[in-house]
2 protein chains.
Amino acid sequence: MQSFHKTKKRIQQAALIILLTISFGNVRAQSATEQPESKATWIWYPGDYEIWLSNQMQNRRTDRGSFFPVFWKMDNHFVLMDFHKTYTLQKPEEVHIYAEGKYNVKLDGKLFEGTPSIITVPAGKHKINIKVYSLATVPAIFVKGSTIVSDTSWLLTYEDKEWIDETGKTSDVSATQWVKAGSGNFNDPNILPSQFKLATRPQSPISVAKEGDASLMDFGKETFGYIHLHGIKGKGKINIIYGESKEEANSDSEAITLDRLYFDHEVNTDSILPLSKAFRYIKLETSDGITVDSVSMLYEYADIKDKGSFRCSDTLINKIYDVAKYTLHLNTREFFIDGIKRDRWVWSGDAYQSYLMNYYLMNDNETVKRTIYALRGKDPVTSHINTIMDYTFYWFLSIYDYYMYSGDTSFIKQNYPRMKTLMDFCLSRRNKDGLMEGQPGDWIFIDWANGLSKKGEVSFEQMLFCRSLETMALCAKINNDVKDVNVYTNLAKDVKQKLFDYYWNDQKKALVHSRINGVATQNVTRYANMFGIFFNYFTPKQEQEIKTSVLLNNSVQKITTPYMRFYELEALCALGDQQLVLKEMKDYWGGMLKLGATSFWEEYDPSKHGAENYAMYGRAFGKSLCHAWGASPIYLLGKYYLGVSPTSPGYATYNVQPSLGGLKWMEGTVPTPHGNIRLRCDQTTIRIKASEGEGTLRLKSKTVPKGNHMKLKKLNNDLYEINIQPNVEYTITYKTL
Amino acid sequence: MQSFHKTKKRIQQAALIILLTISFGNVRAQSATEQPESKATWIWYPGDYEIWLSNQMQNRRTDRGSFFPVFWKMDNHFVLMDFHKTYTLQKPEEVHIYAEGKYNVKLDGKLFEGTPSIITVPAGKHKINIKVYSLATVPAIFVKGSTIVSDTSWLLTYEDKEWIDETGKTSDVSATQWVKAGSGNFNDPNILPSQFKLATRPQSPISVAKEGDASLMDFGKETFGYIHLHGIKGKGKINIIYGESKEEANSDSEAITLDRLYFDHEVNTDSILPLSKAFRYIKLETSDGITVDSVSMLYEYADIKDKGSFRCSDTLINKIYDVAKYTLHLNTREFFIDGIKRDRWVWSGDAYQSYLMNYYLMNDNETVKRTIYALRGKDPVTSHINTIMDYTFYWFLSIYDYYMYSGDTSFIKQNYPRMKTLMDFCLSRRNKDGLMEGQPGDWIFIDWANGLSKKGEVSFEQMLFCRSLETMALCAKINNDVKDVNVYTNLAKDVKQKLFDYYWNDQKKALVHSRINGVATQNVTRYANMFGIFFNYFTPKQEQEIKTSVLLNNSVQKITTPYMRFYELEALCALGDQQLVLKEMKDYWGGMLKLGATSFWEEYDPSKHGAENYAMYGRAFGKSLCHAWGASPIYLLGKYYLGVSPTSPGYATYNVQPSLGGLKWMEGTVPTPHGNIRLRCDQTTIRIKASEGEGTLRLKSKTVPKGNHMKLKKLNNDLYEINIQPNVEYTITYKTL
């Protein structure tokens with residue numbers, strides 16, 4: 001918060017503020033349109049590298065030494081790709097060509113002999129085509145001249161439909177197949193995209209306990225990486241048993257991951273194991289005749305910096321925030337994965353939460369887009385994403401959120417065709433009432449919860465379906481597809497109407513869980529009700545009813561996973577119950593910390609003791625002790641305590657509605673596309689400065705808030721709105737209720 | 001014809017004949033159903049290996065040293081595959097497992113630790129699952145126990161939709177995704193399917209002419225393979241210019257294929273070039289400082305034996321038949337390709353003719369199925385096959401023919417889902433009149449012919465469309481899909497009706513070429529008219545009218561490609577004009593032979609002279625001098641002179657309608673699924689013996705035919721039908737008209 005303090009006394013004139021707003025507006029507009037880049041970068045068919053990379057990553061999961069891949073369809077890249085762009089040059093230009101794959105180069109339709117790595121393009125208007133074939137990696141090119149550079153303005157197709165006509169002329173049909181290139185910040189021509197690796201750095205155990213031929217090593221906290229064996233000598237077997245807990249590392253028969261190795265070295269030799277693993281502890285077992293000097297590891301991580309922050313008067317909350325951050329970072333790898341021990345896969349429902357946390361911590365668009373592409377895969381759609389109906393809908397929702405937080409319309413445009421085909425798949429599977437009901441092969445997941453019914457038409461699925469259709473309408477609008485806007489808007493309206501007509505129960509003051517054979521059940525669960533709150537689907541009256549009848553009603557089945565706790569606490573926050581949520585956070589996440597957690601878990605049940613906590617799915621160490629969905633405090637604290645969220649795409653406008661929830665003070669940073677919003681708040685003073693966008697600070701105060709540069713509006717009783725302009729530091733005094 | 005003569009005097013009793021017929025019937029029935037095999041073989045997802053292999057093959061084309069791939073979408077295999085089968089064992093069994101790719105093994109849902117290559121399956125009922133991931137090659141397994149063996153009865157899926165439910169149990173949904181395995185006669189566990197290579201044998205040039213640092217070598221006839229340089233010594237460049245003609249090999253600047261090499265060898269070294277090429281001549285050019293002792297080649301070929309044969313009294317026809325055979329063999333490689341120099345690709349229209357020739361020569365089902373799978377590719381369908389509308393339809397037609405010639409229903413069943421999605425693509429592109437009209441990106445090819453109109457609704461395309469719909473109805477029936485049978489039958493009827501309502505011109509006594517803006521043109525071309533004849537779409541009256549008004553009418557644009565000559569001559573044969581066709585054959589194919597052809601060409605124009613003949617597509621040596629579609633005499637002589645063709649699937653019944661067409665005698669063999677039909681015919685005697693099926697010999701004779709075992713029926717005037725039973729040799733005397 002140094003620079004915040006330094007600049008807080010700077011006074012700016014109103015004229016300057018307006019000037020800055022306009023200039024900021026231009027900058028944002030430029031990034032939202034598709035300006036050609038001027039820097040050469042590796043390019044490929046959008047989504048293809050992401051799919052390829054996710055195959056690489058997801059196939060690294062092992063279970064007790066066995067290869068353990070995903071059970072859904074694994075897609076593949078287009079193996080043959082045509083890249084082209086037309087340039088008008090003032091003078092001849094030498095152009096260097098790099099490709100991943102076998103390739104050829106054409107200038108104005110004429111093939112160069114052989115496989116040229118340098119060509120000279122004459123002055124004038126010329127079209128360059130590069131065609132690349134690659135089976136095991138993704139066809140990609142890197143082109144660099146003084147003005148001719150490979151960037152996302154190049155056009156690509158997987159079927160150029162080009163032929164030689166009867167007269168011997170080459171003609172090609174510019175059909176809809178041409179799409180703008182995808183890229184991923186790979187800017188070194190000598191490093192092929194397929195060579196991409198996460199960063200590593202060495203780490204050592206903090207303690208080693210020897211017991212006969214075995215050693216138990218503790219790396220101090222949950223970690224992830226490659227075991228490095230130093231000074232192996234002799235001939236024999238080495239077993240490495242990995243444990244997120246000491247108990248797991250000590251359990252040869254139940255540990256989830258292990259390596260059984262064999263070495264034969266006459267002189268001391270080092271070995272770095274090829275597969276990275278999740279662990280805090282490892283047990284090293286050596287057979288007679290072989291010794292290992294010592295063991296360290298290469299910690300592997302995605303080198304993404306934090307842009308957001310949170311600190312407050314409560315040390316436990318600060319500790320929870322820190323452990324949540326570490327948990328999210330461990331699970332933010334090539335993609336947002338679910339857990340680092342298990343499943344190491346890209347799950348849409350899990351990733352959806354990571355995106356939201358990301359917007360309040362790293363705000364890294366690249367990992368969001370990469371994960372969205374990887375999850376979507378390719379056409380034809382033969383199943384729900386990850387085979388789960390809800391996960392298909394989260395995918396749509398993630399695009400809505402991404403657009404709001406980033407303002408990135410190019411991604412929406414690039415992605416829209418595959419949004420449509422996925423929605424077509426959903427629409428083709430509606431039942432006779434136009435609702436989504438499980439069909440053979442569909443997994444209705446919702447949550448891990450005992451006895452949760454998945455039969456018939458579950459209200460929760462219709463809720464997500466409706467929001468997905470609204471997202472389609474929004475994206476159709478961005479694509480200027482008026483017909484689609486109408487189609488999706490009407491479909492969304494219809495589903496929303498049915499949601500209330502079919503599921504709202506006036507006695508229970510809640511949406512019921514499902515309809516079976518066309519009849520609404522009497523069963524109330526939390527899912528649809530809590531989502532409806534932050535989707536803003538309810539009337540204020542309904543919201544208050546649901547709070548009592550569902551959220552605070554102990555007779556409604558409780559939620560035990562941090563996964564659904566995320567939404568439950570979000571709903572309570574959206575209803576203004578930050579005080580309650582703070583307590584819950586301290587109990588639930590604090591509870592894990594009390595048990596020694598160094599990262600947050602897949603599931604936590606306060607009634608369990610000791611190693612019982614590590615069991616899940618019928619296995620003693622089945623539970624993941626580092627699960628992304630455990631890191632939700634990052635999101636809750638940023639969005640509902642600091643209270644910052646965009647109200648139009650890319651933070652062009654945003655709300656700040658700080659809520660201390662019982663804290664004495666809090667301060668933090670929320671990243672925006674090209675800057676951030678900094679905030680400090682106690683019971684009498686709020687300091688805020690934003691680097692872009694037009695903010696609305698909503699404040700409850702017993703007194704009329706006072707401060708510099710203030711444009712104040714009183715809404716009702718104790719509620720005020722203060723306009724926040726970029727690059728102005730506001731210090732506001734008020735009196736909390 | 002040795003064994004024919006040897007057995008001709010064997011006399012069999014009627015009872016024995018009946019017995020043999022029944023037994024033959026059983027054998028045929030068994031092959032048509034899907035009996036589990038008992039021999040272990042490599043298995044994979046049907047079509048995936050074929051697509052992979054076609055990518056390998058088609059990407060070997062080069063043009064003047066540049067990589068020259070196809071311009072349509074290149075599909076890819078599923079990278080993650082689950083294989084399973086349930087066995088009931090009497091006693092425990094040791095099972096060896098081989099896989100191409102990373103894999104795991106489950107027994108009754110429980111994963112084995114690591115990657116086992118041998119497992120023991122206990123007695124009783126057990127399910128084995130093997131999951132394989134492979135990106136650069138096709139996931140494949142080879143499993144061998146005493147009863148547990150990988151064969152086409154194993155079930156596969158690319159999305160097993162298997163998950164662990166809340167209770168920790170594994171459940172999987174047997175959705176429609178499970179399909180029976182594909183295989184390809186790869187029966188050695190130690191040779192991976194991806195290692196498949198065609199056979200080779202060494203060949204040497206028949207002459208070498210030296211001129212300075214260059215040598216021109218003649219391999220005696222068109223050939224294909226890898227150049228082998230013997231005794232390279234020194235440092236420098238070696239150029240190899242390939243020529244199908246001497247002129248091409250001598251043209252550094254215009255030859256279509258060449259290798260520019262660089263070597264640096266202190267001692268004599270051999271080098272076999274990595275890429276096979278088509279040529280008769282090569283020119284070897286060496287720079288100062290480098291020498292080559294000699295050059296040979298490795299002739300590369302698909303080792304497929306001929307089962308059919310043809311010989312007759314005309315030596316030119318025999319020569320044409322032999323050169324056609326060689327042409328077809330050169331173009332029958334991993335797949336049926338178009339030409340060995342150019343394009344070395346799998347084109348549906350070209351392959352369609354190769355299939356038909358194949359049925360009368362090698363009768364190799366594997367190459368037919370492999371080519372059909374490769375052409376079809378994967379879903380989603382985004383374009384016509386090879387981007388050509390007619391080529392999509394030939395693909396459907398090829399399945400109809402394959403079924404008739406092979407009787408193989410398993411392939412039809414395995415292939416039916418992808419037939420449906422391809423037909424859906426076509427149906428979605430009909431115009432408002434329900435007809436097929438070119439849309440952007442569609443290539444309406446028809447033929448290489450000057451000024452041929454592709455506008456509007458071309459009658460030829462509707463003709464093929466109609467036959468494709470009929471094929472769909474047939475295959476729907478084999479799949480017991482009554483609904484589809486009706487849908488496709490009605491669609492076919494509708495198109496057929498329109499074909500006559502819209503295109504038949506009573507003045508011109510022909511189908512006109514096209515409709516433009518809903519109005520039939522006055523232009524008559526040969527295409528739809530000749531296809532309608534062998535499709536049996538016309539009344540006998542119409543057929544005769546077309547013969548005069550189109551086929552024999554010189555004012556209708558002539559056909560110059562052997563490609564369409566195939567169908568033109570077929571139509572004339574179907575109308576009984578074998579005499580005329582024989583003359584045409586001798587002129588056209590004999591014309592190429594006179595010019596020194598050692599294989600038949602892509603196109604032949606008798607008005608051209610010398611090296612003019614080698615030009616095409618605006619390039620001096622653009623023409624392919626070894627093009628599969630040049631080999632059609634194989635088909636014409638087998639089907640319309642020997643006169644043998646199936647009348648029900650797999651030759652269960654067939655017709656023999658010999659026609660000498662002016663020949664003094666002819667003899668030959670036509671292969672059937674499990675045997676052949678042998679025939680010798682002169683103007684007074686026919687000898688015939690078939691090893692399966694029930695034949696009908698149709699004979700025109702001035703006298704009542706006489707012979708052994710004869711069941712004779714007089715149809716009209718001089719036309720007789722004689723029933724042919726299997727394994728009986730008939731000698732029939734008659735008098736030709």
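Residues numbered from 1 in each chain as written. Chains lettered and ligands numbered in written order. Predicted model: local features only at pLDDT ≥ 70, side-chain atom pairs only at ≥ 80, totals over all residues.

The next point concerns the overall build of chain A. Scanning chain A from N- to C-terminus turns up 16 helices and 37 strands. In terms of overall dimensions, chain A is globule-like: its C-alpha atoms have a radius of gyration of 28 Å, near the 27 Å expected for 737 residues. On the principal axes, the C-alpha backbone points of chain A span a range of 80 × 75 × 65 Å. Here chain A holds 737 residues, and 47% of them are scored as buried. A separation of at least 24 residues holds for 72% of the contacts in chain A among residues at least 6 apart in sequence. (Helix = DSSP H or I, 4+ residues; strand = E, 2+ residues; numbered from the N terminus. Rg over C-alpha atoms; globule rule 2.2 N^0.38 Å. Buried ≥ 20, exposed ≤ 12 C-beta atoms within 10 Å, placed from the backbone. Contact = placed C-beta atoms within 7 Å.)

Moving on, we come to the relation of the copies chain B and chain A. Superposing chain B onto chain A takes a rotation of 180° combined with a translation of 0.0 Å along the rotation axis, leaving an RMSD of 0.0 Å. Expressed as an axis order, the relation between the two copies is that of a two-fold axis. When C-alpha positions in chain B are compared against the rotation axis, the closest is assigned to Ala-136 of chain B, at 2.2 Å. Taken together, the interface assignments show that 100% of the residues at the interface of chain B recur at the interface of chain A, consistent with an identical surface on both copies. (Least-squares fit on C-alpha atoms with pLDDT ≥ 70 in both.)

What follows is about helix H5 (residues 315-331) of chain A. Residue pairs spaced three or four apart in an α-helix point in one direction, given the helix's 3.6 residues per turn. All names here are of chain A. For H5, with 17 residues, the first-to-last C-alpha span of 24 Å sits near the 24 Å given by 1.5 Å per residue. Listed as buried for H5 are Ile-317, Ile-320, Tyr-321, Val-323, Ala-324, Lys-325, Thr-327, Leu-328, Leu-330 and Asn-331. Buried residues in H5 make contact with strand S18 (214-243), strand S22 (309-312), helix H6 (348-360), helix H15 (578-594) and helix H16 (633-641). (Expected span 1.5 Å × (residues − 1).)

It is worth spelling out the sheet that holds S22 of chain A at this point. Pairing is antiparallel in the open sheet, where six strands are placed in the order S22-S30-S31-S32-S37-S34 (chain A). Each of the sheet's edge strands pairs with one partner strand only, and the pair in question is S22 and strand S34 (706-707) of chain A. (Pairing = 2+ DSSP bridges.)

Before going further, it helps to spend a moment on the environment of Thr-327 of chain B. Residue and element names in this part refer to chain B. One can find Thr-327 in helix H5 (residues 315-331). Under the C-beta neighbour-count criterion, Thr-327 is labelled buried, with 30 such atoms within 10 Å. The spacing of Thr-327 and His-627 is 300 residues in sequence and 6.8 Å in space, taken between C-alpha atoms.

A few words now on the interface of chain B and chain A. As a measure of interface size, the accessible area lost when the parts come together is often cited. With 51 residues of chain B at the contact, the number on the chain A side is 51 residues. Of the residues assigned to the side of chain B that touches chain A, the class counts are 24 nonpolar, 15 polar and 12 charged. (Nonpolar A, V, L, I, M, F, W, Y, C, P; charged D, E, K, R; others polar.)

So, about the UniProt feature "domain: Alpha-L-rhamnosidase C-terminal" (unreviewed entry) in chain A. According to UniProt, the "domain: Alpha-L-rhamnosidase C-terminal" (unreviewed entry) feature falls on residues 643-680 of chain A. Between the end C-alpha atoms of residues 643-680 of chain A there is a gap of 11 Å, over a span that is 0% helix and 55% strand. (UniProt positions renumbered as here; feature names shortened; annotations may be inferred.)

What follows concerns unusual backbone geometry. A cis amide bond links Asp-379 of chain A to the next residue, Pro-380 of chain A, at an omega of -5°. Relative to the elements of secondary structure, Pro-380 of chain A occurs in the loop between helix H7 (365-376) and helix H8 (389-406). For Arg-344 of chain A, which is not glycine, the phi dihedral falls at a positive 55°. One can find Arg-344 of chain A in the loop between H5 and H6. Positive phi is not limited to glycine here, since Asn-185 of chain B has a value of about 65°. Within the fold, Asn-185 of chain B resides in the loop between strand S15 (182-183) and strand S16 (199-203). For Asn-185 of chain B, a count of 8 C-beta atoms within 10 Å corresponds to the exposed category.

To continue, consider H6 of chain A. Spanning 13 residues, H6 of chain A covers 19 Å between terminal C-alpha atoms, matching the ideal 18 Å at 1.5 Å per step. When you tally the buried positions in H6 of chain A, you get 13 out of 13 residues, the bulk of the element.

Residue and element names in this part refer to chain B. Viewed as axis vectors pointing N to C, helix H3 (residues 48-58) and helix H7 (residues 365-376) meet at an angle of 80°, and their least axial separation amounts to 8 Å. With respect to H7, the element H3 is oriented roughly perpendicular. Across the interface between the two elements, Glu-50, Ile-51 and Ser-54 from H3 touch Arg-370, Tyr-373 and Ala-374 from H7. (Axes fitted to C-alpha atoms, helices over the stretch in contact; angles between N-to-C directions. Parallel < 35°, antiparallel > 145°, perpendicular 65-115°, else oblique.)

Here we come to the nonpolar core. Ranked by internal contacts, the top residues of the largest apolar core, which has 402 residues, are Ile-141, Ile-282 and Ile-634 of chain A together with Ile-141, Ile-282 and Ile-634 of chain B. Leaving out residues up to four positions away in the same chain, Ile-282 of chain A has contacts with Met-217, Ile-227, Ile-240, Ile-241, Tyr-242, Gly-243 and Ala-249 of chain A. (Core = buried A, V, L, I, M, F, W, Y, C linked by C-beta atoms within 7 Å.)

In this section: the sheet that holds strand S27 (residues 519-520) of chain A. All names here are of chain A. Strand order in this open sheet of three strands is S23-S26-S27, and the pairing throughout is antiparallel. Each edge of the open sheet carries a strand with a single partner, namely strand S23 (457-458) and S27. In terms of strand pairing, S23 meets strand S26 (residues 514-516) through two bridges, oriented antiparallel. Within S26, the position partnered with Glu-457 by the bridge is Arg-515.

Residue and element names in this part refer to chain B. Across five bridges, strand S31 (residues 675-682) lies against strand S32 (residues 685-690) in antiparallel orientation. Of the residues in S32, the one forming a bridge with Leu-679 is Ile-688. Where S32 and strand S37 (residues 729-733) come together, five bridges link them in antiparallel fashion. Directly across from Arg-687, in S37, lies its bridge partner Thr-731.

To continue, consider the domain arrangement of chain A. Residues and elements named next belong to chain A. Taken as a whole, chain A is organised into domain 1 (43-164 + 173-195), domain 2 (199-301), domain 3 (309-641) and domain 4 (648-733). Each of domain 1 and domain 2 was reduced to a C-alpha centroid, and the two centroids are 40 Å apart. With five residues of domain 1 in contact, the opposing surface of domain 2 contributes six residues. Residue classes in the side of domain 1 that touches domain 2 are distributed as no nonpolar, two polar and three charged. (Domains from an automatic or database assignment.)

This part takes up the confidence of the model for chain A. All names here are of chain A. Here chain A averages 92 in pLDDT, while 93% of its residues score no lower than 70. Note on residues 1-37: pLDDT is under 50 here. Beyond four places in sequence and across chains, it has 34 contacts. The low-confidence segment residues 164-175, where pLDDT is below 50, has 20 contacts with residues more than four positions distant or belonging to other chains. (pLDDT = per-residue confidence, 0-100.)

Next up on the list: the environment of Phe-396 of chain A. Residues and elements named next belong to chain A. Checked against the element boundaries, Phe-396 lands in helix H8. A C-alpha to C-alpha distance of 27 Å links Phe-396 and Trp-154, two positions 242 residues apart in sequence. Those residues in contact with Phe-396 that sit more than four places away from it in its chain are Met-419, Ser-468, Thr-471 and Met-472.

Turning to the packing of H5 of chain B against helix H15 (residues 578-594) of chain B, a few remarks are in order. Helices that pack against each other are described as a pair by the angle of their axes relative to one another and the distance between those axes. Residue and element names in this part refer to chain B. Contact geometry of H5 with H15 gives a least axis separation of 10 Å together with a crossing angle of 65°. Our pair here, H5 against H15, has a crossing hand that is left-handed. Touching Leu-316, Ile-317, Lys-319, Ile-320 and Val-323 of H5 are Met-585, Lys-586, Trp-589, Gly-590 and Leu-593, all from H15. (Left-handed = near helix turned anticlockwise from the far one by under 90°.)

All names here are of chain B. Across the two faces of strand S33 (residues 694-700) the burial differs, with Gly-695, Leu-697 and Leu-699 buried and Glu-694, Thr-696, Arg-698 and Lys-700 not buried at all. Two strands pair when backbone bridges link them, and strand S29 (residues 653-656) and S33 are joined in this way by four bridges, in the parallel orientation. Bridge pairing in S33 links Val-656 to Leu-697. Where S33 lies against strand S36 (residues 719-724), six bridges are found, and the strand directions are antiparallel.

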